[in-house]
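# Understanding the architecture of this molecule
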Amino acid sequence: MPQRAGMPTQTRIILGVLLLAALIVPLLGQPYYTKLVSRMAIYAIAALSLDLLVGYAGLVSFGHAAFFGIGVYCAGLLPMVGIDQAWIIVPAAIACAALYGLFSGAVSLRASGLYFIFITLAFAEMMFYVAQGLRMFGGDDGFRLPRPTQLMAGLSLGNPVVLAYTMLVTLVIAIYVARRITGSHFGRVVIAARDNETKLRAIGLSPYPYRLTLYVIASALCAVAGVGFANLVEYASPASMSWVVSGEMLFMVILGSAATVIGPVLGAVVFVGLETVLSSLTEHWLFWLGLILVLRVLLLRHGLYGLLSGRGQR
Amino acid sequence: MSAQPEPLLELRGLVKRFGALVVTDGLSLSVAPGELHALIGPNGAGKSCLIAQVTGELTPDEGEVRLRGERINALSVPQRARRGLARAYQVPRLFGSLSAIENASVAEMARAGSGSRLWHAASDDRDLAIASLSALQRVGLGDIDNRVAAQLSHGEKRLLELAMGFAADPALLLLDEPLAGLGLADSAAMVELLRSLKGRYGILLVEHDVEAVFSLADRVSVLVGGRLIASGTPDEIKADANVRSAYLGEGGA
């Protein structure tokens, strides 16, 4: 299942072209497409963080949107107390998500399989209802971002071009971090725990601390995507942490191929692209999206990543 | 028990029940350092349950498990492994998506305590690669280091599991039917490998192949219905009338 070897040249070229396109689009002065690039990059970061759990650790979390939402609310709430600098908001989002990840992960990682899926879902729903209960912040409806997040030197994430480039840079950093972690000693132990937990114990390692560490990292990474998302839609609402969003992230991971880092990035790009195209063509776009996922599972053994790197049609 | 001053592994009065079923019934046995102690017995005698109580996967209801004199009843599986227990399973358990050398490397990381390194590429760690490769070479798998574990033959999987045991630098090997499912050639090679391990590790060997057991073991214990009905040198066991009727059968030995 994992593709641990270096990327084939073909894949590198396609990724290079994609990145180049993403870098050029914001220069065209079309805010609609610039925002589309941001959206793809943001979901790519989120899907990539989920892939650390689903792909590498074999931990199917159905509550990853909770951490996305934590990022959204940090970007939305902190400006209300006069804090709008990215260098405070982003670390704050990371810290909050890491804390909630530590707490919810410590509990949910006691379970496995189906139980793990449902406990993660339950923890995300808890956050959802907390956000919904914030009456002074719009409750169910959420609230408009009082002020976009400010980078240094007068650059604001409220500017679509600045946001697009910021999220692209963040995505590249996230890919680098994910590849470092999954290729490390730690990453190898995480994969070993996925492959055979009993064996890992028998050679003297308990999987729990490794999984919990990874869970916290994935949570923190997803919150960074959430900060970007709040600036993209200029809005913070409980919908950003609903189970639907968790499901969409899983969709992207599976579409692209789990345990590849790059696969989920492609999955997110294609998902957002399809969503945009299909929803403009038909109101039944979700049906077609679902059909595409079914076809991917039936036809492409290694997802979009496999298709691109020329391996594994089923 | 025999007069060994300090046995490597000592089981005292072990009892394990599942409801009304007693799978281990007041069992005591020991493995001296460097000794190969074989455990034989018919199917359902409780051999695998006994191994599981030594490794910590099962908790005995009564009695003691001692490693180098230390009572380890309350220790978890990983804790016991770190104190020097290495186990090979009846059906080899491996990390299927990792290559042979990566499998060995995980055991080496467990020993060296380097598994928590988050940032440095495991593939660039020379010390790790050298230690892992030498573990593979000890079982003759040095030339298949890059093959994915799931694609290895049954015999190779067995050997890889042993290599992982060596990488962890154990004191006691618990081998659960290492010859099961092997072809003639593989089986003979495994017997030779086991012979080469004698003296270096304490070994508790569970095996159905009586001929191999009698040629390898320093001591043989016969387990029937959760109890030891005999324990002694291979020659004593071969001559034991109880054993012949209970297990070896008329044409045995």
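Each remark here, short or long, concerns the structure printed above.
Residues numbered from 1 in each chain as written. Chains lettered and ligands numbered in written order. Predicted model: local features only at pLDDT ≥ 70, side-chain atom pairs only at ≥ 80, totals over all residues. Heavy atoms only, no water.

### Concerning the sheet that holds strand S4 (residues 62-67) of chain B
All names here are of chain B. Heads up, the condition is: Any two strands with at least two DSSP bridges between them are considered paired. Secondary structure elements follow DSSP: runs of H or I no shorter than four residues count as helices, runs of E no shorter than two count as strands, and numbering proceeds from the N terminus. We call two residues in contact whenever any of their non-hydrogen atoms come within 4.5 Å of each other. Fitted lines through C-alpha atoms give the axes, limited to the stretch in contact for helices. The angle between two N-to-C directions lies from 0 to 180 degrees.
Spatially, the four strands line up as an open sheet ordered S2-S1-S4-S5, and their pairing is antiparallel. The sheet is open, and its two borders are formed by strand S2 (21-31) and strand S5 (70-71), each paired with just one other strand. Running over the sheet, helix H1 (residues 47-55) touches strand S1 (9-18), S2 and S4 and is turned about 115° from S1.

### As for the pairing of S4 of chain B
All names here are of chain B. Alignment of S1 against S4, held across five bridges, turns out to be antiparallel. Counted as the bridge partner of leucine 9 is leucine 67 from S4. Both S4 and S5 contribute to a ladder of two bridges, which runs antiparallel. Paired with leucine 67 across the two strands is glutamate 70, which belongs to S5. Adjacent in sequence and paired antiparallel, S4 and S5 are bridged by two residues, among which arginine 68 carries a positive phi angle near 50°.

### Quick look at the environment of isoleucine 262 of chain A
Residues and elements named next belong to chain A. Applied cut-off: Residue burial is assigned from relative accessible area. The probe radius is 1.4 Å, only protein chains are included, and a residue is buried under 20% of its type maximum, exposed over 50%, and partly exposed in between.
Here isoleucine 262 lies in helix H11 (residues 262-281). In this structure isoleucine 262 comes out as buried when scored by relative accessible area, which is 3%. Separated by 214 residues in sequence, isoleucine 262 and leucine 48 place their C-alpha atoms 7.6 Å apart.

### Let's talk about the interface of chain A and chain B
Where we set the bar: Two parts lose some accessible area (1.4 Å probe) when they are put together, and adding that loss for both gives the buried area. Here, a salt bridge means any Lys or Arg side-chain nitrogen found within 4 Å of an Asp or Glu carboxyl oxygen.
Each partner contributes residues to the interface: chain A has 29 residues there, and chain B has 36 residues. Between chain A and chain B, roughly 2800 Å² of surface is buried when both sides are summed, and carbon and sulfur atoms account for 63% of that area. The three residues of chain A that bury the most area against chain B are His185, Arg188 and Lys199 of chain A, which together make up 30% of that side's buried surface. For the pair chain A and chain B, the number of links is two salt bridges. Residues lysine 199 of chain A and glutamate 161 of chain B are paired through a salt bridge, measuring 3.1 Å at the closest nitrogen-oxygen approach. It is helix H7 (residues 185-195) of chain A that contributes the most residues to the side of chain A that touches chain B, eight residues altogether.

### Some words on the environment of leucine 19 of chain A
All names here are of chain A. Tracing the sequence through the fold places leucine 19 in helix H1 (residues 9-24). The class of leucine 19 is partly exposed, set by a relative accessible area of 37%. The spatial distance from the C-alpha of leucine 19 to the C-alpha of leucine 168 is 8.4 Å, given a sequence separation of 149 residues.

### Brief notes about the packing of aromatic side chains
Residues and elements named next belong to chain A. The test is simple: Note on ring pairs: Phe, Tyr and Trp rings are taken, using the six-membered ring of Trp, and paired if centres are within 6.5 Å. Classes follow the plane angle, with under 30 degrees stacked, over 60 edge-to-face and the rest tilted.
A full pass over the atoms with the stated rule returns 19 aromatic pairs over all chains. Look at tyrosine 43 and phenylalanine 229: their rings are 6.0 Å apart centre to centre, the planes differ by 65°, and that puts the pair in the edge-to-face class. Separated by 186 residues along the polypeptide, tyrosine 43 in helix H2 (residues 31-56) and phenylalanine 229 in helix H9 (residues 207-233) bring together distant segments of the chain. You'll find tyrosine 43 and phenylalanine 229 in the same group, each marked buried. Summarising the aromatic geometry, the rings of phenylalanine 186 and tyrosine 210 are spaced 5.9 Å apart at their centres and angled 35° between planes, so their arrangement reads as tilted.

Honestly, that's just the spatial picture; any functional story needs more than this.
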